[in-house]
Each structure stands twice: as structure tokens, then as C-alpha cells.
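# Working through the structure, step by step
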Amino acid sequence: MTSPPENPPSLVSEDDREAAVRRLQDAYAEGHISHEEMDQRLHTVLTATTHGELMSALASLPAEPPDTTSTIAAHSGRIRRRGPWLVPRTLKVESAFGRVHLDLSRAVIEHPIVDIELALGTGRATITVPRDAIVDVEGLHTGWKDLRYKPRPSLPSGPGGPGGPKIRISGAVGFGRLKIRHARR
């Protein structure tokens, strides 16, 4: 009769899987892996059942940068960021009753992908993104009013590459209104 292993392999949680997918997407966006390699590794991540299988898909990727997450929160009142400010990789914005205005048009954006996670109750919120930014609002849920955002037509590529940073906006907006706009200059 065989005895059970002392340390059975730990199973992969959905959070682990999502983190691995995000890391692969970032590595692809930064040019560390090819499209074909991303597809192969993504298949491995999505079918992995143990952490060992998950880690094999992430092998040879650049080390993860230190956690660059910041949270801005206010129960009521105003949250405002404008001018030259350093945008973290992940920005969490929490406001129950106030107004939020994030202006990224002159901000220092060091990451090719920036995640903005919103937890807004009532009030208005405006996010101004750089003119050449690509905005993804797939993970955003609005309650009372629809999102006001008109995507920009594709701009010609500049010397910096195929466009600006990708801004992924997710989370929830309760009874307020969210307006996302591209900077004029």
C-alpha cells in the first residue's frame, strides 16, 4: 500500500492564474516574448493545475518589478492629480461621495501598461489620458449612468513606437458619472 505524498502539489487559484496571464501580457507588450511564444505560454497557464506547471510557463521571463501600486482614497471631498506626477503601474482610486479628476496628460508614465482600478460611489470622475494613449475599459462596470468615452482614431506612429501607453481602467462606478477623454496636446 502506498502512502500519500507528504507535500502534495498546491493547486492553482484563479488569482494565481490571472496574475500569470497579466505577467505574460506585460512581457509580450514589452517585447520580451514573441506572439507564438505568448500563445504557447498562455495555453500552459490556462491549463495548469499546479504551481509547478504555472511557474514553467513563466520561466525565463524578466523578474517582476517591485510592487508599484498606489492607492488614493477619500470618503468625501475631492481627489485631484494633475501636472507632472509619477503614475504607478497600478493606481487604485477609492471615493465614496467626492469628485475625482486624474490628469495623466503631463504625468510621467514609466510603464507601457497602467492599470487604474476605480471604486467610486457617487459624484463625478474625469480621467484625462495622453493624446496617444490606448484606453481599455473592458473591466469597468457602471451602475447608474453610462461611461462617457469616445476612443480616438489611430494616430500615426511617432519615434517612440506604435503609440503611447495602454491605460486599462477597471472597477466599478456606482451612481456617479465617469468621463474619459484624450488630451488635446
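Residues numbered from 1 in each chain as written. Predicted model: local features only at pLDDT ≥ 70, side-chain atom pairs only at ≥ 80, totals over all residues. Heavy atoms only, no water.

### Examining the overall build of the protein chain
Within the protein chain, the regular secondary structure consists of 3 helices and 13 strands. The burial tally for the protein chain puts 33% of its 185 residues in the buried class. Here the contacts in the protein chain between residues at least 6 apart in sequence split such that 67% fall between residues at least 24 apart. When the accessible area of the protein chain is evaluated, it comes to approximately 11700 Å², of which 51% is carbon and sulfur surface. (Helix = DSSP H or I, 4+ residues; strand = E, 2+ residues; numbered from the N terminus. Buried < 20%, exposed > 50% of the residue type's maximum accessible area, 1.4 Å probe, protein only. Contact = heavy atoms within 4.5 Å. Areas by Shrake-Rupley, 256 points an atom, 1.4 Å probe, with all protein chains shown as cover.)

### So, the sheet that holds strand 2 (residues 78-81)
Strand order in the open sheet formed by 5 strands is 2-5-8-13-11, with parallel pairing between adjacent strands. In this open sheet, the two edge strands, each paired with only one partner strand, are strand 2 and strand 11 (148-149). Strand direction decides the pairing type here: strand 11 and strand 13 (residues 177-182), joined by 2 bridges, are parallel. Following the sheet pairing, Arg148 is matched in strand 13 by Lys179. (Pairing = 2+ DSSP bridges.)

### Here's the deal with helix 1 (residues 14-29)
Given a rise of 1.5 Å per residue, 16 residues ought to cover 22 Å, and the 22 Å separating the end C-alpha atoms of helix 1 matches this to within 8%. For helix 1, the elements touching its buried residues are helix 2 (35-47), helix 3 (51-58), strand 7 (113-120) and strand 12 (166-173). After helix 1 finishes, the residue Gly31 shows a positive phi value of roughly 80 degrees. (Expected span 1.5 Å × (residues − 1).)

### Let's talk about the environment of Met55
With respect to the helices and strands, the residue Met55 is situated in helix 3. Here Met55 falls in the partly exposed class, since its relative accessible area comes to 46%. With 11 residues separating them along the chain, Met55 and Thr44 place their C-alpha atoms 9.7 Å apart.

### Details of the pattern of salt bridges
Evaluation of the coordinates by the stated rule reveals 5 salt bridges. Notably, a salt bridge pairs Asp26 with Arg89, separated by 2.9 Å at the nearest N-O pair. With Asp26 in helix 1 and Arg89 in the loop between strand 3 (86-87) and strand 4 (90-95), this pair connects stretches of sequence that are 63 residues apart. Just as Asp26 is buried, Arg89 falls in that class too. Arg89 is the salt-bridge partner of Asp115, the closest N and O atoms lying 2.7 Å from each other. In this pair, Asp115 sits in strand 7 while Arg89 sits in the loop between strand 3 and strand 4, placing the two residues 26 residues apart along the sequence. On the accessibility criterion, Asp115 (6% relative accessible area) is buried. A relative accessible area of 13% means that Arg89 is categorised as buried. Through salt bridges with shared partners, one network takes in Arg22, Asp26, Arg89, Asp115 and Arg168. (Salt bridge = Lys/Arg side-chain N within 4 Å of Asp/Glu carboxyl O.)

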